Amino acid sequence: MSNRKINVTIYNEDYPDYHPEEVKEAYPNGIHGVLSEILEREDCLGKLRIATFETHREILTQEVLDDTDVLVWWSHKQQQEVDDRVVSMAALRVLRGMGFVALHSAHASKLFQKLMGTETYMLRWRVAGERARLWTVENNHPIAEGIPETFVVPHDETYGEPFGIPQPDELVFLSWFQGGEVFRSGCTWKRGEGKIFYFQNGHETYPVYYQPEVQRIFANAVKWASPVKRCCMVDRGGRNAPPMELANT
């Protein structure tokens, strides 16, 4: 395994017009604040950049994306307002090797849907502060390292099947909610050369990201999604190429 430092860019919507008191109480420094703190404890962290909805056009440039090993995405209210050019650049970077960790409502983001090849995010949901029990389905998966067979998130938004996603390459975590729903809450996919992990838990009004198990999953996911080497915008195909070897005549 490479000991190269992992450059991480976090996009957290952090929309200024959506700050009810319960959001401020749960995350005084924003969700990006606690996600940054989790990663800053990891020896493998390289450069850490933060983008919000207000700054994403200025921060998420081609230069920054080319220098990013893993892009983390948390979004909710302003999903459709994200710049299409940023989405296209980020999607192409994933296809060429950048890792992508999508959190909670990021299933409805333009970027996640573009990479999944679907415009639907059909699921059941309910903001009722119900208990969630997570089950580790793939115990030997790197994202599950240090995670028990099962653990409880005391309060979170409820998601339930059916979930309009392509069949995951790997189902790492499955959740059961107090109201009876079940949900594929930790899924991986490969797109091009990039690795993608979706993790459901983490509504903005519940302090889920302070829970040790969730923090471990997040840190593990960033490490897992990181490419062995960083590949920038190099065209590796799509051209009429001469043969590398001549056939015997």
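Coordinates for the structure precede this section.
As a convention, each chain's residues are numbered from 1 in the sequence order in which they are written. At least 70 in pLDDT is required for a residue's local features to be given in this predicted model, at least 80 for side-chain atom pairs to be given and counted, and no such filter applies to totals for whole chains, interfaces and linings, which use all residues. Excluding hydrogens and water, the side-chain values take into account all heavy atoms of the structure.

(A) Region of the structure containing helix α7 (residues 212-225). Numbering goes from the N terminus for both helices and strands, where a helix is a DSSP run of H or I of at least four residues and a strand is a run of E of at least two. To estimate the expected span of a helix, count its residues, drop one, and scale the result by 1.5 Å. Relative to the 20 Å expected for 14 residues at 1.5 Å per residue, α7 spans 20 Å between its end C-alpha atoms, a close match to the ideal helical length. Think of it in three bands: residues with accessible area under 20% of the maximum for their type are buried, residues over 50% are exposed, and the middle band is partly exposed, with areas taken using a 1.4 Å probe on protein chains only. Extensive coverage of α7 is indicated by the burial of 10 of its 14 residues. For α7, the set of buried residues is V214, Q215, I217, F218, A219, N220, A221, V222, W224 and A225.

(B) Summary view of the sheet that holds strand β4 (residues 99-103). Pairing within the open sheet is mixed, and its 9 strands lie in the order β2-β1-β3-β4-β9-β8-β7-β5-β6. Across the chains shown, the open sheet's two edge strands, defined by having one partner strand only, are β2 (45-51) and β6 (150-160). Neighbour to neighbour, the strand axes of the sheet diverge by 20 degrees on average, direction disregarded. When DSSP finds two or more bridges between two strands, those strands count as paired. Here strand β3 (residues 70-74) runs beside β4; their pairing, made up of 5 bridges, is parallel. Counted as the bridge partner of W74 is L103 from β4. Here, residues are in contact when the closest pair of their heavy atoms is within 4.5 Å. Only the stretch in contact is used when fitting a helix axis, every axis being a line fitted to C-alpha atoms; angles between N-to-C directions are given from 0 to 180 degrees. Across the face of the sheet, α7 comes into contact with β1 (6-12), β3, β4, β6, β7 (170-177), β8 (182-191) and β9 (194-199) while running at roughly 165 degrees to β9.

(C) Representation of the packing of aromatic side chains in the model. Ring pairs shown here join Phe, Tyr and Trp side chains whose ring centres sit within 6.5 Å, with only the six-membered ring taken for Trp; geometry is labelled stacked below 30 degrees between planes, edge-to-face above 60, and tilted in between. Counted according to the given criterion, the structure contains 10 aromatic pairs. Ring centres of Y27 and Y209 lie 6.1 Å apart, and the angle between their planes is 50 degrees; on these two criteria the pair is classed as tilted. With Y27 in the loop between α1 (21-26) and α2 (31-40) and Y209 in the loop between β9 and α7, this residue pair connects regions lying 182 residues apart in the sequence. Under the relative-accessibility criterion, Y27 is labelled buried at 3%. Residue Y209 is classed as buried on the basis of its relative accessible area of 1%. Judged by centre distance (6.1 Å) and plane angle (20 degrees), the ring pair of F197 and F199 falls under stacked. Taken together, the ring pairs connect F112, Y159, F163, F183, W189 and Y198 into an aromatic cluster. The rule for a charge over a ring is simple: NZ of Lys or CZ of Arg within 6 Å of the ring centre, and within 35 degrees of the ring normal. The residue whose ring lies beneath K195 is W224, and the NZ or CZ to ring-centre distance is 5.0 Å.

(D) Seen up close, unusual backbone geometry. Residue P162 is bonded to the preceding E161 through a cis peptide linkage, with omega at 10 degrees. With respect to the helices, strands and loops of the structure, P162 is situated in the loop between β6 and β7.

(E) Focus on the pairing of β7. Inspection of the sheet shows strand β5 (residues 124-136) paired to β7 by 5 bridges, in the antiparallel sense. Across the sheet, the residue bridging to L134 is S175, located in β7. Taking the residues that link successive antiparallel strands as the turn, the β7-β8 hairpin has 4 residues, and the phi of G180 there is positive, at about 110 degrees.

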